[in-house]
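Architecture at a glance
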Amino acid sequence: SNGVAGKYYYGTGKRKTSIAKVRLYPSKDGDQLVNDKPLGEAFSRQSWKTLILEPLAVTSQLDSFNVVAQVYGGGVVGQAGAIRHGISRALLEYDESLRSQLKSAGLLTRDDRKVERKKPGLKKARKSSQFSKR
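Residues numbered from 1 in each chain as written. Predicted model: local features only at pLDDT ≥ 70, side-chain atom pairs only at ≥ 80, totals over all residues. Heavy atoms only, no water.

So, on to the overall build of the protein. Along the protein, the regular secondary structure elements total four helices and five strands. The secondary structure elements of the protein, listed N-terminal to C-terminal, are β-β-β-β-α-α-β-α-α. Over its C-alpha atoms the protein spans a radius of gyration of 18 Å, topping by over 25% the 14 Å that the globule rule assigns to 134 residues. When its C-alpha atoms are laid out on the principal axes, the protein stretches across 70 × 35 × 20 Å. Across the 134 residues in the protein, those meeting the buried criterion constitute 36%. Here the protein displays about 8,400 Å² of accessible surface, and carbon together with sulfur accounts for 49% of that area. For the protein, the separation between the mean place of its 26 positive charges and that of its 12 negative charges on side chains is 17 Å. (Helix = DSSP H or I, 4+ residues; strand = E, 2+ residues; numbered from the N terminus. Rg over C-alpha atoms; globule rule 2.2 N^0.38 Å. Buried < 20%, exposed > 50% of the residue type's maximum accessible area, 1.4 Å probe, protein only. Areas by Shrake-Rupley, 256 points an atom, 1.4 Å probe, with all protein chains shown as cover. Lys, Arg positive; Asp, Glu negative; His and termini not counted. Charge placed at Lys NZ, Arg CZ, Asp CG, Glu CD.)

Structure below.
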């Protein structure tokens, strides 16, 4: 479906309820596709794009790869985080020696924060109804 072929490096990324399957194709262009759309179309806000490309920026590989990601589940922030996680993992497939760089930037850690469940007798997960002494 995408105009890329040949060898690639793969990484799966997760964040909240989003899952991203990320492929890095070695190239000179540095294009990014998310669900067959250009990165800017899939993520309008600059801060999201910066977040997603952070692993490549940290390892100064921005122009060495075409990123092709399929991502589903969750919302736009979760998806951005998932792609970022996937890129980091794919970079290790490509070159294990990047681990220390990615690790110290905190890019290999799966952010395991999830929405806490609502509990019975409470309004939300922790918010309770107003206390009335009488």
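The next subject is the sheet that holds strand 2 (residues 18-26). The sheet built from five strands is open, its strands ordered 1-2-5-3-4 with mixed pairing. One side of each edge strand has no neighbouring strand; the edge strands of this open sheet are strand 1 (9-15) and strand 4 (37-38). Across three bridges, the pairing between strand 3 (residues 32-34) and strand 5 (residues 65-72) is parallel. Residue pairing for strand 5: Leu-33 is matched across the bridge by Val-68. (Pairing = 2+ DSSP bridges.)

So, on to the nonpolar core. Taken as a class, soluble globular proteins show a tendency for nonpolar side chains to be buried jointly. Ranked by internal contacts, the top residues of the largest apolar core, which has 26 residues, are Val-22, Leu-24, Phe-43, Ile-52, Ile-83, Ile-87 and Leu-91. Those elements that provide at least two residues to this core are strand 2, helix 2 (46-58), strand 5 and helix 3 (76-94). (Core = buried A, V, L, I, M, F, W, Y, C linked by side-chain atoms within 4.5 Å.)

This part takes up the packing of aromatic side chains. The tally for this structure, following the rule as stated, stands at five aromatic pairs. A ring pair is formed by Tyr-8 and Tyr-25, whose centres lie 5.3 Å apart and whose planes are at 50 degrees; its orientation type is tilted. Of the two residues, Tyr-8 is situated in the segment before strand 1 and Tyr-25 in strand 2; the sequence distance between them amounts to 17 residues. Relative accessible area serves as the criterion here: at 30%, Tyr-8 is assigned to the partly exposed category. Given the relative accessible area of 4%, Tyr-25 is considered buried. A network of ring pairs unites the aromatic residues Tyr-9, Phe-65 and Tyr-94 as a single cluster. (Phe/Tyr/Trp six-rings, centres within 6.5 Å; stacked < 30°, edge-to-face > 60°.)

Moving on, we get to the side chain of Ser-88. Relative to the assigned elements, Ser-88 resides in helix 3. When residues no more than four places from it in sequence are discounted, the contact partners of Ser-88 are Pro-55, Leu-102, Leu-107 and Leu-108. (Contact = heavy atoms within 4.5 Å.)

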